[in-house]
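Descriptive analysis of the structure
Here is what each chain is made of, one letter per residue.
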Amino acid sequence: MTRSALLVMDVQKSITGRLPGLDPDYTPRLARAVAAARSAGLPVVFVVVGFRPGHPETRSSPLFGALPEGAFTDSDPGAAIHPDVAPLPGECVVTKKRVSAFTGSDLDLVLRGGAVDRLVLTGLATSGVVLSTLRQAADLDYRLTVLADGCDDADPEVHRVLTEKVFPRQADVTTVDAWIAGLA
């Protein structure tokens, strides 16, 4: 038996605001996927990057160690999930400490606890959280779907290569609208 969950990863105000060339239709399109998942009774799991004040988790990280003081902490308004796709009360928000949604989080426990074995991946950026999560999820034996237009990247060519050539080796790759149509 397959039970799917939609993962909405790193769609936080600071990230959507800093991604050059982000399609202005991105968050409304992603909101349609979230609404469709909810209507179909699928769990929607929001994954965010977040740290403690002072960022003790990032001191050894070349990537996250360069963040400004206070970034992605509870007091940072930019750490909030974009309002177009904000979770409803009772929906799960998982906080991660590195690029993959699994690293430094309890995501695997949440998914296994809900008997989820298929993940539908969306998020920012394709070459970051989506790629890292896809690889780790495949190693954890999850079945995978990537909503290609539910992801975006600062580099459109990298996004294209990943969604057209790399991801299909480990996941079904489709669009938001095609995935929604398949739920009906």
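Since the structure is predicted, the reported quantities are computational estimates derived from the model, not experimental observations.

A tally of helices and strands in the chain yields six helices and six strands. Starting at the N terminus and ending at the C terminus, the chain contains elements arranged as β-α-α-β-β-α-β-α-β-α-β-α. Here the chain has a C-alpha radius of gyration of 15 Å; the compact-globule value for 184 residues is 16 Å, and the two agree. Sorting the 184 residues of the chain into buried and exposed places 49% on the buried side. Counting only contacts in the chain whose residues sit at least 6 apart along the sequence, the fraction spanning at least 24 positions is 77%. Looking at the chain as shown, the accessible area adds up to about 8,600 Å², and 54% of this sits on carbon and sulfur atoms.

This part takes up the layout of surface pockets. In this structure, the largest pocket spans a volume of roughly 430 Å³. As for the largest pocket, its lining consists of 19 residues, and the residues nearest its centre are D10, I15, L63, F64 and L124. When residues of the lining of the largest pocket are assigned to their parent elements, the largest contribution, three residues, is made by helix α1 (residues 13-18). Here the lining of the largest pocket is built from residues that sort into 14 nonpolar, two polar and three charged. Here the second largest pocket defines a volume of roughly 210 Å³. Listing elements by their share of the lining of the second largest pocket, those giving two or more residues are β2 (44-49) and β3 (92-96). Per-class residue counts for the lining of the second largest pocket are nine nonpolar, four polar and three charged.

Let us look at the side chain of S14. Within the secondary structure, S14 is located in helix α1. The class for S14 is buried, based on a relative accessible area of 12%. If sequence neighbours within four positions are ignored, S14 has contacts with F72, D76, G78 and A79.

We now examine the state of the cysteines. Note on terminology: disulfide describes a covalent bond linking the sulfur atoms of two cysteines. With the rule as written, the count across this model stands at zero disulfides. Here C92 is not disulfide-linked; the sulfur of C151 is the nearest cysteine sulfur, at 19 Å. Exposure remark for C151: the relative accessible area of 3% places this residue in the buried category.

The subject of this paragraph is the sheet that holds β2. If you trace the six strands from one edge of the open sheet to the other, you get β3-β2-β1-β4-β5-β6, paired in parallel fashion. Two strands in the sheet have a free side with no partner beyond their single neighbour: β3 and β6 (172-174). Averaged over all pairs of adjacent strands, the angle between strand axes in this sheet comes to 25 degrees, irrespective of strand direction. Where strand β1 (residues 4-9) and strand β4 (residues 118-124) come together, six bridges link them in parallel fashion. Across the sheet, V8 pairs through a bridge with T122, a residue of β4.

Calculation notes
Residues numbered from 1 in each chain as written. Predicted model: local features only at pLDDT ≥ 70, side-chain atom pairs only at ≥ 80, totals over all residues. Heavy atoms only, no water. Helix = DSSP H or I, 4+ residues; strand = E, 2+ residues; numbered from the N terminus. Rg over C-alpha atoms; globule rule 2.2 N^0.38 Å. Buried < 20%, exposed > 50% of the residue type's maximum accessible area, 1.4 Å probe, protein only. Contact = heavy atoms within 4.5 Å. Areas by Shrake-Rupley, 256 points an atom, 1.4 Å probe, with all protein chains shown as cover. 1 Å grid on protein atoms, 1.4 Å probe; cavity = no way out; pocket = protein on both sides within 12 Å on 5 of 7 lines; lining within 4 Å. Points joined across faces, edges and corners; volume = space filled by probe spheres on them. Nonpolar A, V, L, I, M, F, W, Y, C, P; charged D, E, K, R; others polar. Disulfide = S-S within 2.5 Å. Pairing = 2+ DSSP bridges. Axes fitted to C-alpha atoms, helices over the stretch in contact; angles between N-to-C directions.

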